[in-house]
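Chains, contacts and geometry: an overview
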Amino acid sequence: MTDVREATDDLLAEKPELESDLRELLAVDERADGWTFDDVSFDSGTFGELVSRDIVAKADGEYGVVDSDAVRASLDGDDQPDDGDRPAASVFSSLSFPSASREIAGALGGALLFVAAMRAYFVGHVFRSDGVLLSSNDPYLYRYWVDQLSTKAVGVLDFSVLSDLPDAVANGEPLMVATLWWVTNALGGADASGAVLAWYPVLSALVVGLLVYAIAVRVTGDRRVGIASVLLLGVIPAFAYRTGLGFSDHHAFDYPWLALTALALVELADVGHAELEDARTWLVSGILGVAVAGQVLAWEAGPLLVGALGVFVAVRTVADVRAGKSSLAANAPIVVGLAIATVLSHLAHTGFGWHSGVVAYSPALVLVGVVGVSLVGEAFYRSELPAFVFGTTEVAGALGGVALLQVFLPSYMDVLMRRLDFLLTKTGPAETNSLFAGAIGPLIGPVLELGFVWILGLPVLVYVSWRAYRANHSSWLVVVAYAWHFLVLAALQRRFVGELAPFFAVLAGWGFVAFAAKMDIVDWPAFVRGALKLSHDDSNGGPSIGFPSRSTITALTILFLFVSSAGAVQTTVRHEQVKIGSDNYAAAQTVNSYADQRGLEYPENYVLSKWGRNRMYNYFVNGEARSYSFANENYEPFLAANNSEAQYQQLRDRVGFVITKNLDLPGRVPSDIMYSRLHSRFGSAGDDGAPGVGHYRAIYASDDGSVKAFALVPGANLTGTGPTGETITISTDVELENTAFEYRRNVETNQNGTFAVIVPYPGTYEVGNRSIEVSEDAVENGKNVSVSR
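Our next topic: the overall build of the protein. Looking only at helices and strands, the protein features 32 helices and 15 strands. In terms of overall dimensions, the protein has a C-alpha envelope of 120 × 65 × 55 Å along the principal axes. Taking all 789 residues of the protein together, 54% fall into the buried category. Within the protein, residue pairs in contact and separated by at least 24 positions form 72% of the contacts whose partners lie at least 6 positions apart. Split by element, the accessible area of the protein, about 32,400 Å² in all, is 57% carbon and sulfur. Each charge class in the protein was averaged separately, 53 positive and 85 negative side chains, and the resulting centres sit 7 Å apart.

Let's shift gears to the packing of aromatic side chains. For the structure shown, the criterion picks out 30 aromatic pairs. Pairing Trp454 with Phe504 gives two aromatic rings, centres 5.6 Å apart and planes at 10 degrees, and the pair type is stacked. Placement of Trp454 in helix α23 (residues 453-470) and of Phe504 in helix α25 (residues 497-518) is noted, with a sequence separation of 50 residues between them. Grouping residues by exposure puts Trp454 and Phe504 together as buried. Through a chain of ring-to-ring contacts, the aromatic side chains of Tyr140, Tyr585, Tyr619 and Phe620 assemble into a single cluster. A cation sits over an aromatic face here: Arg598 above Tyr594, 3.6 Å from the ring centre. One residue, Arg654, lies across the ring of Phe630, its end atom 4.3 Å from the ring centre.

This paragraph deals with the nonpolar core. Core analysis: the biggest nonpolar cluster contains 105 residues, and Leu309, Phe312, Ile334, Trp476, Tyr482, Phe486 and Leu507 have the highest contact counts within it. Among the elements that line this core, the one with the most residues is α25, at 14 residues. Those residues in contact with Phe486 that sit more than four places away from it in its chain are Leu258, Leu305, Ala308, Phe496, Glu499, Leu500 and Phe503.

Close reading of the predicted structure is inappropriate where its pLDDT is low. With 90% of its residues at a pLDDT of 70 or more, the protein has an overall mean of 87. Ranking the elements of the protein by mean pLDDT puts helix α5 (residues 88-95) last, at 42, and strand β5 (residues 607-608) first, at 98. Taken as a whole, residues 528-543 scores under 50 in pLDDT and shows 55 contacts with residues more than four places along the chain or in a different chain.

The subject of this paragraph is the sheet that holds strand β11 (residues 740-748). Consider a sheet: its strands pair through backbone hydrogen bonds, and that pairing is either parallel or antiparallel. Spatial strand order, β11-β10-β13-β14: 4 strands in an open sheet with antiparallel pairing. Sheet topology places β11 and β14 (770-774) at the edges, where each strand pairs with a single neighbour. Each strand of the sheet is rotated relative to its neighbour by a mean of 25 degrees, with strand direction disregarded.

Another aspect to go through is the sheet that holds strand β6 (residues 657-661). Pairing in this open sheet of 4 strands is mixed, and the strands run β5-β6-β8-β7 from one edge to the other. Taken across any chain shown, the strands that pair with only one partner, and hence form the sheet edges, are β5 and β7 (696-701). As paired strands, β7 and strand β8 (residues 707-712) are joined by 5 bridges and run antiparallel to one another. Paired with Ala701 across the bridge in β8 is Lys708. Contacts from helix α30 (residues 644-651) reach β5, β7 and β8, with the element oriented near 85 degrees to β7.

Helix length check: helix α8 (residues 139-152), at 14 residues, gives a terminal C-alpha distance of 20 Å against a target of 20 Å (1.5 Å per residue), a fit within 8%. Burial within α8 is extensive, with 11 of its 14 residues counted as buried. Close packing links the buried residues of α8 with β4 (131-132), α9 (167-170), α10 (174-186), α11 (193-220) and α28 (611-621).

What follows covers the side chain of Lys579. In this structure, Lys579 sits in the loop between α26 (550-578) and α27 (582-597). What makes Lys579 buried here is its relative accessible area of 13%. Ignoring sequence-local partners within four residues, the contact set of Lys579 consists of Phe122, His125, Ser135 and Arg613.

A word on a nonpolar patch on the surface. A cluster of nonpolar side chains, namely Val290, Val343, Leu344 and Leu347, defines an oily patch on the protein surface of about 320 Å² accessible area. Take the nonpolar patch: its biggest share by element is 3 residues, from helix α17 (residues 328-352). On the secondary structure map, Leu347 appears in helix α17.

Criteria and thresholds
Residues numbered from 1 in each chain as written. Predicted model: local features only at pLDDT ≥ 70, side-chain atom pairs only at ≥ 80, totals over all residues. Heavy atoms only, no water. Helix = DSSP H or I, 4+ residues; strand = E, 2+ residues; numbered from the N terminus. Buried < 20%, exposed > 50% of the residue type's maximum accessible area, 1.4 Å probe, protein only. Contact = heavy atoms within 4.5 Å. Areas by Shrake-Rupley, 256 points an atom, 1.4 Å probe, with all protein chains shown as cover. Lys, Arg positive; Asp, Glu negative; His and termini not counted. Charge placed at Lys NZ, Arg CZ, Asp CG, Glu CD. Phe/Tyr/Trp six-rings, centres within 6.5 Å; stacked < 30°, edge-to-face > 60°. Lys NZ or Arg CZ within 6 Å of the ring centre and 35° of its normal. Core = buried A, V, L, I, M, F, W, Y, C linked by side-chain atoms within 4.5 Å. pLDDT = per-residue confidence, 0-100. Pairing = 2+ DSSP bridges. Axes fitted to C-alpha atoms, helices over the stretch in contact; angles between N-to-C directions. Expected span 1.5 Å × (residues − 1). Patch = residues over 30% accessible without salt bridge, like charges linked within 9 Å, V, L, I, M, F, W, Y side chains within 5 Å. Salt bridge = Lys/Arg side-chain N within 4 Å of Asp/Glu carboxyl O.

Right under this line is the structure:
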């Protein structure tokens, strides 16, 4: 190091203006194992001087910096410690964020603020004076279990409750529920669960934003690409709404583990034999292990996410064989990381009972695969066999591994295939459809999910895939391997577009800077051939954004508004789609008050509604949000039924309330089905002779009538006499908070001249030309009320 350091010190003393050139040189050298004169921007005279001073040397037709650490130490003005003595701070700086200028810190802070704003601008809708209104349906499942654990636990260190999770949680998202429970307990217990679950997706988005910035800068050496990547991540609809305020589904918990895994792989992508003696390498390996274990324990489909790591190793090893390079050293830290993940997953599985063996030991399967690929790849490298033969061997080996599992572990294979079939072929919710589903899905589907980031990122993905493989650019291979992996999964089910988003953000970030350079707004990003000279900061040789002129800022703003327009609009649309409407929340509060006043206990206060809002209603009314299966099986048959008495008898011991809402039904809706009787007429008889209902009492109606709530009541049995065969009209005026209506029933006297009809509302009824008072007690307890002549 001393000779190169001295040569660099001498050169800078003579020509201090070459500092920026040297920093650019380090960035180019860091990104590639070898490069040519065309990859740098300075002139041949400067280049020749670097070669003559032995700062740069040529080998096998390509150039490289002889000792990059020495050059960097000279630029930074201090001594560079030996790798083995590198302090812990520098270990973390490579994974996190090196010191940055005010401009960079300000730009990154602004980008993250934009990410947060795109997810939390409706904070007043979520945080209300009387509670926290989470979005969509499933978040109430997690809120329910967090509440349950907080009630059972004795203090924040009572981890015994994690060993007693129900199967639905232990085999679903145990790490997520456990983490949210611990934070909730630390902040005061179950009362804090609403705020914790509401804010955690936004925090997740910010963490992913930081990791995306780190990945982009480490891969490209260009901080402008990092800032652009974060900004574009903010307007990817499929990612934005899943990390929106209040949308506390499991996806937001999965994303940071995924991004951390990718960043660790980027750090380990170019490891050689020398780096194996560096403590930093093994620290990153440990972080990789924790991240992989986190992915697996966070979600039952975590193994599908970890599969991207296997894809990267397979592709990178083929590229190494093609380049005549051993990949054993580069794969060694990954193997150690997977071994750590296997141990952690095993401990959680045996200690807490988390996940089935299929999920818990998936890191072990990936570990075996990586070891096998590494050893076979080394054999091909030493034998100088063609790379395409090795690629074919990898495919054959994967198929052979599946066959071996089927032979030696048939029960394991059976469970694995059933889980894959469920995850990849399940139909029903919109997220189970393909990204390209529909007649015009291949054209419009990706734009609806990714915005114009799709149009900007896809060509870059194709270009970078080709160039990264041909040039054996390992860190870029991480990004493209993950991008292709999740693009394939998204083509099967669009729920995986959120996992695709961070990697498309990096690709589109580079594409955005390149597009701006093509328009002569900024300099070219350093990845392209013949990069222009850039200014640099003092941290790690990466390009600095500096402080652009007003005209540059204006041009970039206009360009960003154009690129982000589709994503921003669709992001707001998605937020509106998953938000719980104020009318739904008001209905839940009204039902809850009604149930409390009458002392109803579960299941007397169970709310029957469409499955997509069922957990929300029941969480606020009775606290039971574990399942919506009963609603999913019974709600639509109830609405379509035309025998109201039979429906009441079937449901009265299981259901206390029914929610109806405007339905977009094709054709003419029959007037005698329960939907028409309740939602259209508040239980009244129809003008066309369709009967009314007697056991369903309207207790809430929104201002626009789109949402209504009904309580199931025994109803008062109104009896009387009249001329034989005469139709008696019975009616009363009913007032609710937001509306008033006339409840009317038509009943025909029998051959004895008597009639009987059940009515659900207390009040004064007009029975023909007579009046009768029906009490609340009669309605609630099914008492008889006689109409005198």
